[in-house]
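Chain by chain, the residues run as shown.
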Amino acid sequence: QTVATAGSLDVAVGANNPTSTAVVRTASNAVMGQFRIQVSQAEALNVSTVTVTNSGTGATSNVTTVRLVLDINNNGVVDATDTTMGTGTLSGATATINVNRTLAASTIEHWIVAYDLNAPVGELGNTHNVTLANGSIAGTGQSSLNALVLTGTPAAGGAKTLTDGSPILTVS
C-alpha cells in the first residue's frame, strides 16, 4: 500500500492529567502530566523522539530524570502495570527522550511524563510544569516515510509546587 501523506498524531491532555498541586521535593515518579495520544486512520506511525519542556520557577537541576511512561490502565499514576518508554535529563528547559515506538493506525494511548526530583530545601515553594510543545513528537509514517503531522499541541500538565511533604505528628 502506498500512502501519499503521513498519518497524524493528535495530543490532548489526558482525563487523569494532574491538576496544580504540591509535590515532595525528593519524589520519584512524580506525575507531571498525562497526555492522550491518538493516531489517525491514515497509517501506522514510528515515533522516534519526544521532547518535553519544563517551565516554572524551580531550578532545572531539581529534576534528575524525566521519564516517559505508557499509562496502560489510564489512571494517571505510574504503577506496576505501566511501561517506561524512555528516560532523559533536562538540558536547559528541555529533555529529548528516545522512544522508538510503533503506533498502529487509529490507536489511542495515554502517556505520562514523570520527574524524579532532588531539590534542596531552598527550592521549597518553587514550581515545575511540563509541556508537550509544537513539534515535540518526531517520527515518520510507517508506509509513507513522511514526517508525522503533530496536532493538538501545546498540551501541559498542572504546575507542581515543591514541598517537604506532609508533616509527621508525634503524640507523647
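Let me sum up the structure you'll find in this document. (Residues numbered from 1 in each chain as written. Predicted model: local features only at pLDDT ≥ 70, side-chain atom pairs only at ≥ 80, totals over all residues. Heavy atoms only, no water.)

1. Notes on the overall build of the protein
Secondary structure assignment for the protein yields zero helices and 13 strands. Secondary structure elements in the protein, listed N-terminal to C-terminal, are β-β-β-β-β-β-β-β-β-β-β-β-β. For the protein, the C-alpha radius of gyration of 17 Å lies close to 16 Å, the compact-globule estimate for 172 residues. Expressed along its principal axes, the backbone C-alpha trace of the protein runs to roughly 75 × 30 × 20 Å. The buried share of the protein, taken over its 172 residues, is 45%. Intrachain contacts of the protein at a sequence separation of at least 6 include 80% that bridge at least 24 residues. Summing over all exposed atoms, the protein offers an accessible surface of approximately 8,000 Å²; the carbon and sulfur share of this is 51%. (Helix = DSSP H or I, 4+ residues; strand = E, 2+ residues; numbered from the N terminus. Rg over C-alpha atoms; globule rule 2.2 N^0.38 Å. Buried < 20%, exposed > 50% of the residue type's maximum accessible area, 1.4 Å probe, protein only. Contact = heavy atoms within 4.5 Å. Areas by Shrake-Rupley, 256 points an atom, 1.4 Å probe, with all protein chains shown as cover.)

2. Some thoughts on the sheet that holds strand E1 (residues 8-13)
Across the sheet, six strands lie side by side as E6-E5-E8-E3-E1-E11; this open sheet has mixed pairing. Here the strands that pair on one side only, and so sit at the sheet edges, are strand E6 (83-88) and strand E11 (149-151). Across this sheet, the average inter-strand angle for adjacent strands is 25 degrees, counted without regard to direction. Sheet topology places strand E5 (residues 63-70) next to E6; five bridges connect them, and they run antiparallel. In the sheet register, valine 66 faces E6, and the bridge partner there is glycine 88. (Pairing = 2+ DSSP bridges. Axes fitted to C-alpha atoms, helices over the stretch in contact; angles between N-to-C directions.)

3. As for the pairing of strand E3 (residues 30-39)
Most of E3 sits out of view: eight of its ten residues are buried. Where E1 and E3 come together, five bridges link them in antiparallel fashion. Across the sheet, residue aspartate 10 finds its bridge partner in E3, namely glutamine 38. In this structure, E3 lies alongside strand E8 (residues 108-117), joined through eight bridges in antiparallel fashion.

4. Here we look at the environment of alanine 6
With respect to the helices and strands, the residue alanine 6 is situated in the segment before E1. In the structure, alanine 6 is positioned 136 residues away from glutamine 142 in sequence and 8.1 Å away in space, judged by C-alpha atoms.

5. Looking at the side chain of arginine 25
Topologically, arginine 25 is positioned in the loop between strand E2 (21-24) and E3. With relative accessibility at 17%, the residue arginine 25 sits in the buried group. Engagement of the side chain of arginine 25 in a polar contact is seen with the backbone oxygen of alanine 119, the distance being 2.6 Å. Within the local environment of arginine 25, its side chain forms a polar contact with the side chain of aspartate 164, the two groups lying 2.6 Å apart. Non-local contacts of arginine 25, meaning those with residues more than four positions away in its chain, are made with Leu117, Asn118, Ala119, Pro120, Val121, Leu124, Leu162, Thr163 and Asp164. (Polar contact = N/O pair within 3.5 Å; in protein donor to acceptor, adjacent residues only side chain to side chain.)

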